[in-house]
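Each chain is listed here by its residues.
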Amino acid sequence: MTIGVRREILKGLKRVVIKVGSSIIAKRVKGKAGVANGLSVSSISLLAQTVLQIIDRGCEVVLVSSGAIMAGRERLDLHQTELSIPEKQACAAIGQSYLMHTYEKQFEKHGFKVAQILLSHDDLENRKRFLNAKHTLETLLEYRVVPIINENDSVTVDEIKIGDNDTLSATVTCLINAQLLIIFSDVDGLYSRDPSIKKGQLDDPLEVVEHVDCITEKIKKLAGGTNSIITVGGMHTKVLAAKQTMSFGIPTLIVNGFDNNIADKIFEGESVGTLFWAGHDKIKKRKHWIAYTLKPCGKVTVDLGAGKAILARGKSLLPAGIIKVEGKFEFGNTVRVIDVTGTEIARGLVNYSFRDLKRIMGMKTGAVRKIFGESFYKEVIHRDDLVVL
Ligand code: GLU
């Protein structure tokens, strides 16, 4: 079944985002990936060839590449040291130019130019800057230049960071309406069970899940974290990235980035890696922006009735259904909507600050009107500003 699905995706392919983690372009020691040993020029050269094979097949390609911090560590000879945030930021500043210089040299050999775009969460949260970034990327693609994106690590601190490049690549995929996100991982895809359990200890054979059409709790459990000092996230953030593109109707493919023939395998429709796709259904652009680009500033917990009204009946969130308010948010901020089991069920833009909401939570509409007069809002989050997750 997955081969048919893959062929269907390939038919409409015009624009692809490829995400490459640091371990894919790191030097390997004794064949081992993910070792903090600096940037590998030969891996970047192979990667450039893979990108060009995809361009040759008629697709525009945007690359999202990590590796700045790793390259900076190498330049400063700080290979295995634990770094503080400012030290990592300094490494990113040093390493980013070296990373780009290496990419530039490798693409130039084939007559291609590259362009650097550094993004932070702030750039994507502001709708105007979000659109500016989109227009720049589209113009670069018109010029047949390969845009190479990374997070602007040297000027971002935790609160304004996107955090990991898996999430960044999913946001970029949706931003430029690409038809596929390919994540180059250091493993073959999402495994059907914990790969660290050795052969023979379990009856279950270790397999790569070919197709995921819904991110269930089981799928989330299959995606672990990472312990490496040079990579961020691991499979967990890749699955979240896939969830983000899927909600926009765009497939994500997680493949082994060390496979030099991966472009051919993908474009011949072979069932390599794990494909995440549920079909073309998508949430509207603005709702996607609310759910995935804006950073939530707080949480509201809702009672059983309000939870059902949101999930099953497509209703707005009213003050009466709220039982708890957490975090410091103002009018217009994004908040998470949590049900009584602690699960996040929705996200939306609030019409009240956390202070006002603490006063009115649990109240009926009439009582709220008495407090705020005619300028009150009936809904805490209007349905149009609410995205069910
Ligand atoms: N932006 C970081 C870097 O270039 C990496 C973040 C990530 O790999 O997710 O080193």
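Residues numbered from 1 in each chain as written. Predicted model: local features only at pLDDT ≥ 70, side-chain atom pairs only at ≥ 80, totals over all residues. Heavy atoms only, no water.

## Brief notes about helix α3 (residues 68-76)
(1) Moving on: Every buried residue of α3 is listed here: Ala68, Met70, Ala71, Gly72, Arg73 and Glu74.
(2) Moving on: Looking at the packing, one finds that the buried side of α3 touches α4 (85-108) and β4 (146-151).
(3) Moving on: Positive phi appears at Asp77, one or two residues downstream of α3, with a value of about 60°. (Buried < 20%, exposed > 50% of the residue type's maximum accessible area, 1.4 Å probe, protein only. Helix = DSSP H or I, 4+ residues; strand = E, 2+ residues; numbered from the N terminus. Contact = heavy atoms within 4.5 Å.)

## Comments concerning the sheet that holds strand β11 (residues 334-338)
(1) Moving on: Taken in spatial order, the five strands make up an open sheet running β10-β9-β11-β12-β13, and their pairing is mixed. Edge positions in the sheet fall to β10 (322-327) and β13 (386-388), since each of these pairs with one other strand and no more. Averaged over all pairs of adjacent strands, the angle between strand axes in this sheet comes to 20°, irrespective of strand direction.
(2) Moving on: For strand β9 (residues 298-302) and β10, the ladder comprises five bridges, and the chain directions are antiparallel. Bridge pairing in β10 links Val302 to Ile322.
(3) Moving on: Here helix α11 (residues 285-293) sits on the sheet in contact with β11, β12 (344-349) and β13, set at roughly 110° to β12. (Pairing = 2+ DSSP bridges. Axes fitted to C-alpha atoms, helices over the stretch in contact; angles between N-to-C directions.)

## Quick word on the side chain of Ser316
(1) Moving on: Tracing the sequence through the fold places Ser316 in the loop between α12 (304-313) and β10.
(2) Moving on: From its side chain, Ser316 meets the backbone nitrogen of Arg383 in a polar contact 2.8 Å long.
(3) Moving on: Those residues in contact with Ser316 that lie beyond four places of it in its chain are Glu379, Ile381, His382 and Arg383. (Polar contact = N/O pair within 3.5 Å; in protein donor to acceptor, adjacent residues only side chain to side chain.)

## Digging into the packing of aromatic side chains
Aromatic rings considered in pairs are described by the distance between their centres and by the relative angle of their planes.
(1) Moving on: Tallied over the entire structure, the rule returns five aromatic pairs.
(2) Moving on: Measuring from centroid to centroid gives 6.4 Å for Tyr103 and Phe107, while their planes differ by 35°, and the two rings are tilted. Placement of both Tyr103 and Phe107 in helix α4 is noted, with a separation of four residues, approximately one turn of the helix. Take Tyr103 and Phe107: they sit in the same class, and that class is buried.
(3) Moving on: Their ring planes at 70° and their centres at 6.3 Å tell us that Phe329 and Phe354 sit as a pair that is edge-to-face. (Phe/Tyr/Trp six-rings, centres within 6.5 Å; stacked < 30°, edge-to-face > 60°.)

## Regarding the layout of surface pockets
(1) Moving on: Of the voids in this model, the second largest pocket is the one considered here, and its volume is about 770 Å³.
(2) Moving on: Looking at the second largest pocket, it is lined by 27 residues, and the ones nearest its centre are Leu240, Ala291, Tyr292, Arg336 and Arg347.
(3) Moving on: Of all the secondary structure elements, the ones that give two or more residues to the lining of the second largest pocket are α5 (121-125), α7 (165-175), α8 (217-222), α9 (235-246), α11 and β12.
(4) Moving on: Top element by residues in the lining of the second largest pocket is α9. It accounts for six residues. (1 Å grid on protein atoms, 1.4 Å probe; cavity = no way out; pocket = protein on both sides within 12 Å on 5 of 7 lines; lining within 4 Å. Points joined across faces, edges and corners; volume = space filled by probe spheres on them.)

## Brief notes about the nonpolar core
(1) Moving on: With 45 residues, the main nonpolar core has Ile18, Ile25, Tyr103, Phe107, Ile182 and Ile266 as its most contacted residues.
(2) Moving on: The element contributing the most residues to this core is helix α2 (residues 41-56), with seven residues.
(3) Moving on: If you look at the next biggest cluster of nonpolar residues, it comprises 42 residues, including Val62, Leu119, Trp289 and Leu349. (Core = buried A, V, L, I, M, F, W, Y, C linked by side-chain atoms within 4.5 Å.)

## Re the sheet that holds strand β2 (residues 60-65)
(1) Moving on: Across the sheet, eight strands lie side by side as β3-β4-β2-β1-β5-β7-β8-β6; this open sheet has mixed pairing. Whereas interior strands pair on both sides, the edge strands pair on one side only; in this sheet they are β3 (114-119) and β6 (211-212).
(2) Moving on: Where β6 meets strand β8 (residues 274-276), two bridges bridge the pair, whose relative direction is parallel. For His211, the partnering residue across the bridge sits in β8 and is Leu275.
(3) Moving on: Its contacts with the sheet put α4 on β2, β3 and β4, and the angle it makes with β3 is roughly 150°.

## Quick word on the site of the ligand
(1) Moving on: Taken together, nine residues lie near the ligand, and Ser66, Ala68, Asn150, Asp153 and Asn165 sit nearest.
(2) Moving on: In the model, an oxygen atom of the ligand is placed 3.1 Å from a nitrogen or oxygen of the Gly67 main chain.
(3) Moving on: In this structure, Ile69 approaches the ligand through a main-chain N or O atom, which is 3.0 Å from an oxygen atom. (Near = heavy atom within 4 Å.)

## Structural notes on the confidence of the model for the chain
(1) Moving on: When pLDDT is averaged across the chain, the result is 88; 92% of the residues are at 70 or more.
(2) Moving on: Ranking the elements of the chain by mean pLDDT puts α5 last, at 80, and β2 first, at 98. (pLDDT = per-residue confidence, 0-100.)

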